[in-house]
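# Survey of secondary and tertiary structure
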Amino acid sequence: MKKIFIPKAIIMSPIFWILLVIGFALLYFTKNFEIKKTDKIAETAIDITAIKDISEWEFLTIQREEFIDTTLRSKELACIYTGTIRLGLNMRHAKKKWAVCSHDTARLELPAIEILDNNFIDEASTRTFHSKGNISASLKEGMYREAKRQMKAKALTPENIRTAEENAKDQFSRLFKNLGFKVVLIQMEECIE
Amino acid sequence: MIRFTHNILLITLSFFLLTGCSNQEKETQDPEKNLILAITKCSKLYTVQYNVHKVVTFDDIVSIKGSIFSEKFSFTIPGDRKIAIPIDATIKGFIDFSNFNEQNITMNGEEITITLPDPQIVMTSSKIDHAGMKEYLSWNRTKFDEKEKEDYLKQGIASILSNMKNTDIIERSRINAFNTIQPILLAAGYKTENIHIYFRNEIEKNAHQDELFFNLITHN
């Protein structure tokens, strides 16, 4: 069986030595050598897709992180999602005459405490803890939905709802007392989420 | 020789035992998976919402520069390495009522004057269109890793917030705040012509707070 002497053949070749000498000469005589890499994204315009007039009072802010990991065959992905759940009152859900005032008494009928916006995850701030393999878009979407579900379940607790309700009553009471009302009676709808 | 081998085995075994213990300790010391960062009482009135779409694009151009025998040279590495990431963000304008008190209200007979803090803007959510994300790679260029994509997205969000300052979000927020507060004062018995609502001119201070809030979001 013939032995292959490729490495030795290359070393013995004069072309190899000529190229090596040229390479070293280039390195020796090259000055101000610089490798420049782009590090900024391209400047592009933003597209405003919708503008909405809203009337939302926020009374409790819950900032959460959720660690979501998944393994599918040879693919692995673990991410830390960040979200801010805002509990408060959406005045679009209030009755037309939610504030009735007479003499020194103000009677307020406020809507129920709710999550002001069901889109509360800042996905652009998601940190990848571990990644292996080619992760598909559907897998990432599934992880995002799971993070959202977990955050919502942990934020909408009876304790947090109660805290938001107490803060809402306190803030509205203070507002109307500052307007000159001595008695402020507040009724709130029950949160059913 | 046997004694030497025996000692080596003992040392190696001890090493593995020790590292095994510390690994176990590391597992028990791992932070809990789901973390509450903060629960904060507040009083904010959100008056306007902007839904924004942006395609974050990055073109990785690598160029090599230098000089040889006083002759300058410059060339770019051939091949494409580009990425486009579509994102949607929700930006809201709000008035912070945390420090609102009797000093913000002036009553003069039948007239009432309310001074509100100037509106601020905040990004409340962002969503990446994973299915719409595209990478363009030549055979000689490597794939984008997740850390690189995170960096481009951070730059994208900063660009969105920077561009929002050129829109009328602050002005719209003021108008809608007026439209929300006025009915309260009308219900309290004041007439339309006797209601005056002003905003404190704190644009510079609020711009600084927007940056701080943005930093808080990106570093959580």
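Turning next to the overall build of chain B. Per the secondary structure count, chain B includes four helices and nine strands. Walking chain B from its N terminus toward its C terminus, one meets helices and strands in the order α-β-β-β-β-β-β-β-β-α-α-β-α. Taken over 220 residues, chain B has a buried fraction of 23%. In chain B, once contacts between residues fewer than 6 apart in sequence are set aside, the share between residues at least 24 apart is 84%.

What follows covers the overall build of chain A. In terms of regular secondary structure, chain A is built from four helices and eight strands. In chain A, the succession of helices and strands from N to C terminus is α-α-β-β-β-β-β-β-β-α-α-β. Computed over the C-alpha atoms, the radius of gyration of chain A is 32 Å, more than 25% above the 16 Å expected from 2.2 N^0.38 for a compact globule of 193 residues. Principal-axis analysis of the C-alpha atoms places the extent of chain A at approximately 105 × 45 × 25 Å. Relative to its 193 residues, chain A shows a buried fraction of 30%. When contacts within chain A are restricted to residue pairs at least 6 apart in sequence, long-range pairs at least 24 apart make up 77% of them.

Further remarks concern the sheet that holds strand β5 (residues 105–110) of chain A. Residue and element names in this part refer to chain A. Read across the sheet, three strands follow the order β4-β5-β8 without closing on themselves; strand pairing throughout is mixed. Unpaired on one side and paired on the other, β4 (99–102) and β8 (183–188) mark the two borders of the sheet. On average, adjacent strands in this sheet sit at an angle of 10° to one another, irrespective of strand direction. Examined bridge by bridge, β5 and β8 share six bridges and lie parallel to one another. Residue A106 lies in a different strand from β8, and its bridge partner there is V184. With respect to the sheet, helix α4 (residues 158–178) is in contact with β5 and β8, its orientation differing from that of β8 by roughly 150°.

We now examine the interface of chain B and chain A. Each partner contributes residues to the interface: chain B has 72 residues there, and chain A has 65 residues. Put simply, the parts of the chain that give the side of chain B that touches chain A at least two residues each are β1 (35–59), β2 (62–68), β4 (81–96), β5 (105–108), β7 (120–128), α2 (146–164), α3 (169–187) and α4 (203–218) of chain B. Ranked by residues supplied to the side of chain B that touches chain A, first place goes to β1(B) with 25 residues. Direction of pairing for strand β1 (residues 30–37) of chain A relative to β2(B): antiparallel, over a ladder of six bridges.

Grouped together as the largest cluster of nonpolar side chains are 64 residues, with contacts concentrated most on A168(A) and I91(B). For I91(B), the contacting residues outside a window of four places in its chain are Y50(B), V52(B), I121(B), M123(B), M164(B) and I169(B).

Residues and elements named next belong to chain B. Residues with a pLDDT of 70 or more make up 74% of chain B, whose mean pLDDT is 79. With pLDDT under 50 throughout, residues 15–33 is counted as low confidence; its partners more than four residues away or in other chains account for one contact. Scored below 50 in pLDDT, residues 202–220 makes 22 contacts in the model with residues more than four places away or belonging to other chains. With a pTM of 0.77, the predicted complex shows an ipTM of 0.81.

Residue and element names in this part refer to chain A. Note: strand β2 (residues 47–72) against strand β3 (residues 75–90), 16 bridges, orientation antiparallel. Bridge pairing links E66 to Y81 in β3. Connecting the antiparallel pair β2 and β3 is a turn made up of two residues, with R73 showing a positive phi of about 55°. Pairing of β3 with strand β7 (residues 127–132), which is carried by five bridges, proceeds in the antiparallel orientation.

On to the sheet that holds strand β9 (residues 195–199) of chain B. Residue and element names in this part refer to chain B. One open sheet holds the three strands; their spatial order is β5-β6-β9, and the pairing between them is mixed. If you trace the sheet from one side to the other, it starts and ends with β5 and β9, each paired once. Geometrically, the sheet is characterised by an average inter-axis angle of 15° between neighbouring strands, direction not taken into account. Note that strand β6 (residues 111–116) and β9 share five bridges and pair parallel. Residue pairing in the sheet places I112 in a bridge with I195 of β9.

One can find T82(A) in strand β3. For the pair T82(A) and R64(A), spaced 18 residues apart in sequence, the C-alpha separation works out to 5.9 Å.

Conventions adopted
- Residues numbered from 1 in each chain as written.
- Chains lettered and ligands numbered in written order.
- Predicted model: local features only at pLDDT ≥ 70, side-chain atom pairs only at ≥ 80, totals over all residues.
- Helix = DSSP H or I, 4+ residues; strand = E, 2+ residues; numbered from the N terminus.
- Buried ≥ 20, exposed ≤ 12 C-beta atoms within 10 Å, placed from the backbone.
- Contact = placed C-beta atoms within 7 Å.
- Rg over C-alpha atoms; globule rule 2.2 N^0.38 Å.
- Pairing = 2+ DSSP bridges.
- Axes fitted to C-alpha atoms, helices over the stretch in contact; angles between N-to-C directions.
- Core = buried A, V, L, I, M, F, W, Y, C linked by C-beta atoms within 7 Å.
- pLDDT = per-residue confidence, 0-100.

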